[in-house]
Every structure is written in C-alpha cells, then in structure tokens.
Amino acid sequence: MFRQTKAALQKLRYLSFNGQQHTWRLKSTSAGEKALQYQPGQKVHGFTVREVVMVPDLFLTAVKLTHDRTGAQYLHAARDDSNNLFSVQFRTTPMDSTGVPHILEHTVLCGSQKYPCRDPFFKMLNRSLSTFMNAFTASDYTMYPFSTQNGKDFQNLLSVYLDAVFFPCLREQDFWQEGWRLENENATDPNSPLVFKGVVFNEMKGAFSDNERLYAQHLQNKLYPDHTYSVVSGGEPLAIPDLTWEQLKHFHATHYHPSNARFFTYGDLPLEQHLKQIEEEALSKFERIDPNTQVPSQPYWTSPREAHMTCSPDALAPDPARQNTLCVSYLLGDITDTFEGFTLSLLSSLMISGPNSPFYKALIEPNIGSDFSSVVGYDGSTKQASFSIGLQGMAKEDTERVKDIISQTINDIIENGFEEERIEGLLHKIEIQMKHQSTNFGLSLASYIASSWNHDGNPVELLQISDSVEKFRQALKENPHFLQDKVRRYFKENTHRLTLTMSPDEAYLDKQAKAEEEKLQRKIQALTDSDRKEIYEKGLELLAAQSETQDASCLPAVKVSDIEPTIPITPVQISTAGGVPVQFCEQPTNGLVYFRAMCSLNTLPEELRLYVPLFCSVITKMGCGALDYRQQSQQMELRTGGMSVSTQVTADASQLDIYEQGVLLSSSCLERNLPHMFQLWADIFNSPHFDDEERLRVLVMMSAQELANGISYSGHMYAMTRAGRYLTPAGDLQETFGGMEQVTFMKRIAEMSDLSQVIRTLPRIKKHLLNPDSMRCAVNATPQKMSDAAGQLESFLKEVARTRKERKPVRSNIIERPLDLLNDSGPSRKLISESNFQPCQMKTFFQMPFPVNFVSETIRTVPFSHEDYASLCVLGRMMTAKFLHGEIREKGGAYGGGARMGGGGLFSFYSYRDPNSVQTLSAFRKGVDWAKAGQFTQQDIDEAKLSVFSAVDSPVAPSDKGMGRFLSGITDEMKQSYRERLFAVSHKNLVDVAERYLGVGQRTCGVAILGPENETIKKDPSWIVK
C-alpha cells in the first residue's frame, strides 16, 4: 500500500492515545514496571540497552536498545495493553520514479526462504488472529506493522515478517505480477493486443486519478527538488515500466539490511522474548554495513518559486466553473528537533483550524473557494517539515487576490498574535487526546514516531508530550511574542516557498492515455518475434502459477481451537432520566465521560429525508443560544473532546424489512466539564441558529467538496451502497443518506445561488429530530463518576423538555423492541416495518473521471439472527481468500476485491481500483460456482473462520463498550449464539448457502459500477447509465 504520508499523518497529528489503560487499578507487576528492571548498558540477546524512560502520560515505559553487531535500532513501549504490535521500518530513498520501494514492499510479501509458498502475506491474514496486518511505502521509509492479542500468533507473524523482509525470494514472476509486465490483453490468446499489467501499476494509476493525491505529490516533488523527495516513491505510472527485476533485487540488498532498520514493539508481552526471536531468526545472520541512505538537507532557496500543473476536471465539483487550486508551501526546520516540531504543529493549528483561526476567516469565509487546499497545515513527514496554506475550488481570476490575502494574513498574525483562549483550547485538546484510549494505540505510536526516528531523531522525546507542553507554556511566559516571532521567521522572512497552482484540462485523461499508449508502443516496437512468443509463454506460466492450488502448509497458523469459546459480558444498566431511556456502562475511561443520544426520524416528513445529512453536518457549527458560531466552536474546543451528529440506519437483527432510522449525537468531555458539555447540547436543542446564509454557504461548499473528493478513495463503498438500494428498505435509506444520491444532491445545493429555501427547511427538521419524546441516551464513564453524570443528564433533559412534543409517526407500521429484554413493559426502540417492500433487480453505471472501475454486486440474503448468517460470513471470507483474490487482484490486476456479508442482510461482491468492469461481474459468478462445487478443504474453512473471528474479537475501547447493543439492540447473548453458530459452520452448510442464496435462479441482486466511459454497458439496455 502506498501512503501519501501527508494524508496519513494529518490523521495522526493529534494522536489519539489509547489502549486498555486500567489506571484505576494498576497491577503491581504491570508491563511498564517489569520494563523498568532493564538498566542502560545491560546486554540482552545481542542488544545493548541504551535508555529506559517512564512516560506516565501514556502509561508506558520506553526501552531503547541497539543491536551490537549490525547497529539495528530498537524501541520497546511496555504497556498494559494486550493488543501487541510489531513494526520494522527501513529508510528507503529512491532516486527515480519507477516505484522501486513500493513494488519491493509488495514483492517481499510474495514468499521467502523459510516460507516459499506464493503470497504468504495474504495467506497469513487467514491463519492468524491479527488485529492489523499491512505494509506502507512512505516517501522515505517503508514500514511493516502487525498487531495481535494472542502471544502464539505474535511469534508466528513475527517469524513470517522477519523472513519476508530479510530473506525474500523476489522471484521474477512475483515482480511481473506485483510490479509491471507486458502481456496479451487476454493471456490465453496470443493474437490479442499487448498491454501493461501489474498490481502496483494499476494501483498508482488509480491513486493519481485522484486530483488531491496528484497535487500533494507534485507539491512535495517541487518543494524539495534536490534529492529523494523530488521523485514519486510509490511509482509514476509512466515510469514504472522502466524498472527491471535486477534493479529491484539491488535495491533490496542495499536498503533492507539490519544496519538500515528500526524495530518497534509495543504492548504487554515480554521484551526479552521478542529480542531473542529477532536475533535468532534474522539479525545473527548479518554483519554491519554502512547503508548510506541518509537524506541530506534540502538547500534553502534564496528566492521564492512558482509552478503550475493540470488535472482532470471533476464532474462532481460543487461549482464546475471554479476548479482551480492554489497553495503556498514553506520549507521549515529539521523534524528531529522535537520541541520546534511540536511548536510549529501547534502554531499551524492556531493559524488554520476552526472558524476562529485567521486563515479560516480570511480565506474560507469570503467564499472565494470551496475549502482549504488538499494539502494544508504542518507536515512533518519529510526530513525538513513544511507548512502549506491555500484554497481549492476557486476561480482562476482570483489567483492574485488569494496570494495577497495569504501574505496579508501572515502580517496580521505577526501584529496581533493569538487569543489566549484559543491556545488553551488546543492544549485542552492534547490533554483529552492523551486520556482517550483507542484500540490501535501501538499502531498510532509506530506511525507517530516513524518520520523523526527515520532521520535519527530521538523517538523517546516524541513520546514525552507533557514535557513539550510544559516547555511551550514556559516559552510563552518568558516571551509573549514567542509565536509571532516564529511566524515572522518561518513565513514572512522565508524565501524557500513555493506557490503551486493547478487547473483542470478537459483533455487531461486523453493526454494521459495517449502518453501511456506511446510508452507501450515504444516497448512493443523493440520486440522481436521470439520476444513476443516469450511474453505469451510467460503470461501463460504466470496464469498457471496463479491458478494452481497453493500449498500453504509451510506457514504457521493458530487453530480454531485456540479461540476463546465465550465472549466476556459487558454489563450495562438500563434506566430512565427525565422520562428518556438511558443505558449506563461503567468503564475505565481515564476520567473522560462519553455521551450519545439516538434521536428517531420516524415523524420526519419523507420529502425532508435527503436534507438530514446536511442538517447533521451544520447543526453543531452555526451557533446556538447566546453564542455565535465562532464562540460556539471556541467553547467546544475548551470544554469537550468534540460534538457531532451523524445519520444512523440500522437494519433489524431478525427481519430484513424492519429498520431503525435516526441521528446519533456524540460527544465526550473531561469529568470536570460535564455541566458545560450538556449546556452546549441544551442550547443546540433549545435555540440553534440557522439564519446566517453566508455561514451556511461555507459549510455547504466544504461538505460538497469533501463528498466529491472522497469518491476515488471509497468508490467500492459507493458501488456497494447503490447496489443494495432496491434490495431492502434500510439499503434504500442508506443510499439516500450516504450514497451517490447524497453526493449529487449536495452538488445541487452547492450550485444554488439562493439558500433561503434550505434555511427554511433546517428548523423543520430540527423540530422532528431534536425531540426528547423520541430519543434514548447512553453514557460511558468511570464507576466513581456515573451518578454525577446521571444527575447532569437529568438536568439537561429537564432543560430541553420544552422542545418535547408528542408527534405522529409518518408511517403507521411501527414495531417496538424492548431495550431491556427482561422488561417488556419498559422503554423500547421504535422501528419501522415495511412488510410489503418489494425488492427489485437494478443495474446502475456511473460514468466517472477515473481510469479505473469500482464494481459491486449485492444480494439480499438473511438478517443477523438467522441461522444461515454465520455460514454466509464464513463463505464471504473463504471466497475472498481462496478464489476472488486470485481472480480479481492476481489475474485481473485490480488493487483489491472480494465478498463480504453485511450486517443489514446484504451479501456484497466488490472490486477496488479495477482495470476491468463487466469481466469482474463474471469473476463474481465464477466465485459462486466455485463455492457450489464444494472443492474446498476443512483447512480452507478453518482459515476463513479465523479471519471472521479476528474481526469479531477485535478490541473494543472503553468509550465504545456497550455501543453495539445501544445502537442495534444486539445483546451479548445474541453475540454468543452467533459465535456458537460460527464455530459450527460445516462444509455442507457452505455449499448449501451458496446454492440457496447466491445461485442464479434464487437470488435478488443489484449491480453498480463507477468507472470510465464504457461502450459495452452503453449498448446494453439492461443498464441504467448516470
């Protein structure tokens, strides 16, 4: 997987610090305390301990070591979290755009000395209980992380990962499959034309069909023109075919060496065991080398530069006449200076985050563009950091105006500085993030330290966040102009800045296709007849290898018998507050309180449904009570961990034509801020503001732009949602709220010159949704704080009682499900039943400006509680691993594809970034034939079960415990009986469900494809073309 680190790290900039922290009852021999027994200078299995540091903020102990023989660096974070993580990263600094580090990342996972079978990586997905397995290529490192909660599994995966990176086979055939090859379009027909194929080749074509991605790549290449950052580490599609197998092997030999490696482990498993295994299985076989992979600093320019690029027009852009992007990027200091990096990242948030920030006021509010440029803010993923600011969705004639606003805003900041309240709001955000526990903490840490450590920064320093906060407060105290001085130095007086503009070109895709065709023809013209014959024969060999039944017996595996037979029960208490049902769940939340409320949509008139997602996105952002939207935003930053509203459609667990519809309110806060958080919600219920048309327009544009930008990443989700539209009532509503229908609706709203009709609609929706009469709540907090939280909730509900109205549901067919199964007369969920719903078959094609397709076929099957549901879940995993992966990815060249059983009773086939369209539908059909023929083994079934269980048993954070029950009514007892059915799934069950639900005569299915212009589909009257 190629990762534009910018996007990846933006999500991690404020790390959510997480894991199972039982701070309120630390065991005497916690993992952190055990690790404190190591002493600097101590020798352990070929390593020497360098430093041992307690990091109380994150409840962990860091142990830093180096390997004596090879100089490999090692960091262990010991913490009471059973979701253990391993990661190894190499500094990979390519000097051309052939994508060598990315293709290597794919190819090392295709088989190794100890595990010579094809594709051990994908096979281990089904032989382990991993909670995460992947690999990333960033612009200057390649990282291989995995995590699991099972100690035996950890050793198995570690063994496979170590062998893959240090002793891969790197067969030529794997290079052709994963990288690129010339092959007959139809591999079995020597007369069909020769084309480029290959997984990475197609992945990068897909990646660069996304204008945001293209822009970010160009920006980096031009801001750092002198070394490795000037090339595309993931591979430029037209340069990939210049890479040879020899070059790939050479790159591995020079970069994938322990002397160029950094190992990171995390969790509660003992460090000693990891060191012993890594030394014995890998490091003991190497001597130290000088890898010579250091990245020199980019020399600073003495004067600013400008550049221009083009992209393909976006059919879904909020305003087709305004599709230009402009951004100014500044080169900052070295990221290994931890405190400077911390300061600049905070400064960046003060400059651009939220409606109170100077750049938001200056660039977003005048509505010159639809949103900030796709690259914005501080980026610490390269050796020297950068800061970028600009706009997308703007008109070409506003170019000079935007440049002037940017430099004027920088002058204003130097003059006026920042309000103290905003600085406090940001530091409060950091405090919450350190207390909030997510479930993949190890992975967040690995990504967070990767870039700085890659350039020999000290990773331990990065973990000591409180030290940086303290130092920051001190610096501000000593010099009130501390931040303004940084702005002057890094922005006003900085001559190393690049202004990059991008504009759409109608002929862009044609030019790309033409350039690829020319490249292809040059390759073909150089071929002799015997070359062509060899290409055809190699193509057949590859196809034969891909079609062979694989022997994976050399790989380690956990067994189904290793899986816990029962799930731990999560106790919840159901009661009422102010006449509203509430679910209380006591959890070790580290002093945070999590609040949710589900508000029913049952009384909302049908014609308002399309507006609900827009209502959700603006209701917390337009001001309320005595606060305008800026003050509201400021209060949320200071008093909460965020407040949001989202649509919620949940299919019933026992009947497909019954569903619950509503919106979910979610927020969290530190215990001391409970009254403030509920006061903010009370103001939103009692007196939300809707009348500021300018503010609404800004939010509408941003929302429409975000939807349009998201399709090239989540095209398969949009295809699956559309394919399920006519199959169940819940599927229909999901398309309305989150499918292509919503994308096109938001584009329509964004194009309106007058939003007064929308402004009149929002209060009508509010009356129906924010109504205590049709609401239920949930609170997760520590046992000590629960009664206080209940009291605060009670007074909040009293305060909003005047918005309470008994309203009639729009549909008469309401079904009630008790919230507490032991108390039928108690509070209930009110679901809608559409017993006369008629599912129908529909095939829809959306023509998109991408060179690749997203294909889905979805079939109506059975709900969660049905006895066949477990078999369909196992079947989906098994078909994906044993058949569809080979057909769609290995043979078809798509980046991904498979089948899965969804919670709403819909079984979906899908493909992702796929060069084929209609052909993939026949691969889906072949998958069903394969399952019906029953040519699979007990081992295949067990592997599919492991894969299902690793998802079912993935860790749940304290903030989310009890949420499944709250939202969908699925109790621990129901989960346990599903678990027992999973264990019991047999060969006969799988063949049986394939025949009964997926066979051609039996099924009711929908099909959807998003992709480039398609002649076959246009000529076929059974398709609806959008």
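Thresholds, definitions, all that
- Residues numbered from 1 in each chain as written.
- Predicted model: local features only at pLDDT ≥ 70, side-chain atom pairs only at ≥ 80, totals over all residues.
- Heavy atoms only, no water.
- Helix = DSSP H or I, 4+ residues; strand = E, 2+ residues; numbered from the N terminus.
- Buried < 20%, exposed > 50% of the residue type's maximum accessible area, 1.4 Å probe, protein only.
- Contact = heavy atoms within 4.5 Å.
- Areas by Shrake-Rupley, 256 points an atom, 1.4 Å probe, with all protein chains shown as cover.
- Lys, Arg positive; Asp, Glu negative; His and termini not counted.
- Charge placed at Lys NZ, Arg CZ, Asp CG, Glu CD.
- Salt bridge = Lys/Arg side-chain N within 4 Å of Asp/Glu carboxyl O.
- Expected span 1.5 Å × (residues − 1).
- Polar contact = N/O pair within 3.5 Å; in protein donor to acceptor, adjacent residues only side chain to side chain.
- Axes fitted to C-alpha atoms, helices over the stretch in contact; angles between N-to-C directions.
- Parallel < 35°, antiparallel > 145°, perpendicular 65-115°, else oblique.
- Left-handed = near helix turned anticlockwise from the far one by under 90°.
- Nonpolar A, V, L, I, M, F, W, Y, C, P; charged D, E, K, R; others polar.
- Patch = residues over 30% accessible without salt bridge, like charges linked within 9 Å, V, L, I, M, F, W, Y side chains within 5 Å.
- Pairing = 2+ DSSP bridges.
- Disulfide = S-S within 2.5 Å.
- Phe/Tyr/Trp six-rings, centres within 6.5 Å; stacked < 30°, edge-to-face > 60°.
- Lys NZ or Arg CZ within 6 Å of the ring centre and 35° of its normal.

A. Quick peek at the overall build of the protein chain. Within the protein chain, the secondary structure is distributed over 35 helices and 31 strands. Each principal axis of the C-alpha distribution contributes one length, and for the protein chain these read about 85 × 75 × 65 Å. By residue count, 62% of the 1026 residues in the protein chain fall in the buried class. By sequence separation, contacts in the protein chain at least 24 residues apart represent 81% of the contacts at least 6 residues apart. Accessible surface, the protein chain: about 38,100 Å² in total, of which carbon and sulfur atoms supply 50%. Put simply, the protein chain has 107 plus and 123 minus side-chain charges, and the middle of one group is 2 Å from the middle of the other.

B. Summary view of the pattern of salt bridges. Summed over the entire model, instances satisfying the criterion amount to 55 salt bridges. Arg-697 is paired through a salt bridge with Glu-693; the nearest N and O atoms lie 3.9 Å apart. Residue Arg-697 and its partner Glu-693 are located together in helix H24 (residues 693–723), separated by 4 residues, close to a single helical turn. Residue class for Arg-697 comes out buried when judged on its relative accessible area of 12%.

C. Geometry of helix H23 (residues 674–686). Its 13 residues place the ends of H23 18 Å apart at the C-alpha level, agreeing with the 18 Å of an ideal helix rising 1.5 Å per residue. The buried count for H23 comes to 10 of 13 residues, which makes it a mostly enclosed element. For H23, every residue scored as buried is listed here: Leu-674, Met-677, Phe-678, Leu-680, Trp-681, Ala-682, Asp-683, Ile-684, Phe-685 and Asn-686.

D. Here's a closer look at the side chain of Ser-968. You can see Ser-968 is positioned in helix H32 (residues 963–968). Looking at Ser-968, its side chain comes within polar contact range of the main-chain oxygen of Gly-964, at 2.7 Å. Setting aside residues no more than four positions away along its own chain, Ser-968 makes contact with Thr-650 and Arg-829.

E. Spotlight on the packing of helix H3 (residues 100–108) against helix H7 (residues 199–207). As a packed pair, H3 and H7 sit with axes 10 Å apart at the nearest point and diverge in direction by 130°. In terms of orientation, H3 and H7 fall into the oblique class. Our pair here, H3 against H7, has a crossing hand that is right-handed. Between H3 and H7, the residues in contact are His-102, Ile-103 and His-106 and Val-199, Val-200, Glu-203 and Met-204, respectively. When its residues are assigned to classes, the contact of H3 with H7 shows 4 nonpolar, 2 polar and 1 charged.

F. Unusual backbone geometry, seen in detail. Of note in this structure, Asn-590 is not a glycine but carries a positive phi near 60°. Its place among the elements puts Asn-590 in the loop between strand E19 (580–586) and strand E20 (592–600). Phi is positive for Arg-913, close to 45°, though the residue is something other than glycine. Counting through the fold element by element, Arg-913 comes out in strand E29 (residues 906–914).

G. The arrangement of helix H22 (residues 629–639) in detail. Inspection of H22 places Tyr-629, Gln-632, Ser-633, Gln-634, Met-636 and Leu-638 among the buried residues, and these make up the whole buried set. Those residues of H22 hidden inside the fold are in contact with helix H14 (420–435), strand E21 (643–651), H23 and H24.

H. Geometry of the packing of helix H11 (residues 338–352) against helix H18 (residues 482–492). Axis separation between H11 and H18 bottoms out at 11 Å; the angle between their running directions is 95°. Judged on the interaxial angle alone, H18 and H11 are roughly perpendicular. When H11 is examined against H18, the residues Phe-339, Glu-340, Thr-343, Leu-344, Leu-347, Leu-350 and Met-351 are found in contact with a partner set consisting of Phe-482, Leu-483, Lys-486, Val-487, Arg-489, Tyr-490 and Phe-491. In terms of residue class, the contact of H11 with H18 is built from 10 nonpolar, 1 polar and 3 charged.

I. Spotlight on a negative patch on the surface. Together, Asp-337, Glu-461, Asp-467 and Glu-470 give the surface a local cluster of negative charge. Considering the arrangement of structural elements, one finds Asp-467 in helix H17 (residues 465–478).

J. View of the sheet that holds strand E27 (residues 853–860). What the 6 strands build is an open sheet, ordered E28-E29-E27-E30-E26-E31; its pairing is mixed. The open sheet has two free edges, formed respectively by strand E28 (896–901) and strand E31 (1024–1025), since each of these has just one partner strand. By the bridge criterion, 7 bridges tie E27 to E29 in an arrangement that is antiparallel. Across the sheet, the residue bridging to Val-855 is Ser-911, located in E29. Along the sheet face, H24 touches strand E26 (842–847), E27, E28, E29 and strand E30 (1005–1011) and points at about 25° away from the line of E27. Relative to E27, helix H30 (residues 918–933) is tilted by about 40°, and along the sheet it contacts E27, E29 and E30.

K. Inspection of the state of the cysteines at higher detail. Scanning the entire structure with this criterion turns up 0 disulfides. Lacking any disulfide linkage, Cys-873 is separated from the closest cysteine sulfur, that of Cys-1005, by 19 Å. Its sulfur unpaired, Cys-1005 is 11 Å from the next cysteine sulfur, which belongs to Cys-840. Residue class for Cys-1005 comes out buried when judged on its relative accessible area of 9%.

L. Fine view of the packing of aromatic side chains. Within this structure, the stated rule accounts for 46 aromatic pairs. Judged by centre distance (5.5 Å) and plane angle (75°), the ring pair of Phe-47 and Tyr-74 falls under edge-to-face. Of this pair, Phe-47 sits in strand E2 (residues 47–55) while Tyr-74 sits in strand E4 (residues 73–78), and the two are 27 residues apart along the sequence. The same class applies to Phe-47 and to Tyr-74, which are both buried. Ring geometry for Phe-146 versus Tyr-161: centroids 5.0 Å apart, planes at 65°, classification edge-to-face. Taken together, the residues span a long stretch of sequence, with Phe-146 in strand E8 (residues 141–148) and Tyr-161 in helix H5 (residues 151–166) at a distance of 15 residues. The exposure classification of Phe-146 matches that of Tyr-161, with both residues buried. For Arg-305, the ring lying beneath its charged end belongs to Trp-301, and the centroid distance is 4.0 Å. In this structure, Arg-776 is placed above the aromatic ring of Phe-966, and the distance from its NZ or CZ to the ring centre is 5.0 Å.

M. Structural detail: the pairing of E20. Of all 9 residues making up E20, 9 are buried, and the element is well covered by its neighbours. Judged by which residues are buried, E20 turns out to be covered on both faces: Leu-592, Tyr-594, Arg-596, Met-598 and Ser-600 on one side and Val-593, Phe-595, Ala-597 and Cys-599 on the other are all buried. Of the pairings in the sheet, the one linking E20 to strand E22 (residues 658–670) comprises 9 bridges and is antiparallel in character. Residue pairing for E22: Val-593 is matched across the bridge by Cys-669. For E20 and strand E23 (residues 775–781), the ladder comprises 6 bridges, and the chain directions are antiparallel. If you follow Cys-599 over to E23, its bridge partner there is Met-775.

N. Inspection of the side chain of Asn-126 at higher detail. Summarising the element assignment, Asn-126 is placed in the loop between helix H4 (120–124) and strand E6 (130–133). Since its relative accessible area comes to 8%, Asn-126 is described here as buried. Within the structure, the side chain of Asn-126 is placed 3.5 Å from the side chain of Ser-947, a separation counted as a polar contact. Setting aside residues no more than four positions away along its own chain, Asn-126 makes contact with Ala-881, Glu-943, Leu-946 and Ser-947.

O. Region of the structure containing the environment of Ala-653. Relative to the helices and strands, Ala-653 is located in the loop between E21 and E22. Considering only alpha carbons, one finds Ala-653 and His-866, 213 residues apart in sequence, at a separation of 8.3 Å.

P. The environment of Leu-656, seen in detail. Structurally, Leu-656 is set in the loop between E21 and E22. Separated by 178 residues in sequence, Leu-656 and Glu-834 have C-alpha atoms that sit 9.2 Å apart. Excluding anything up to four places from it in sequence, Leu-656 contacts Thr-728, Pro-729, Arg-860, Thr-861, Val-862, Pro-863, Gly-904 and Gly-905.

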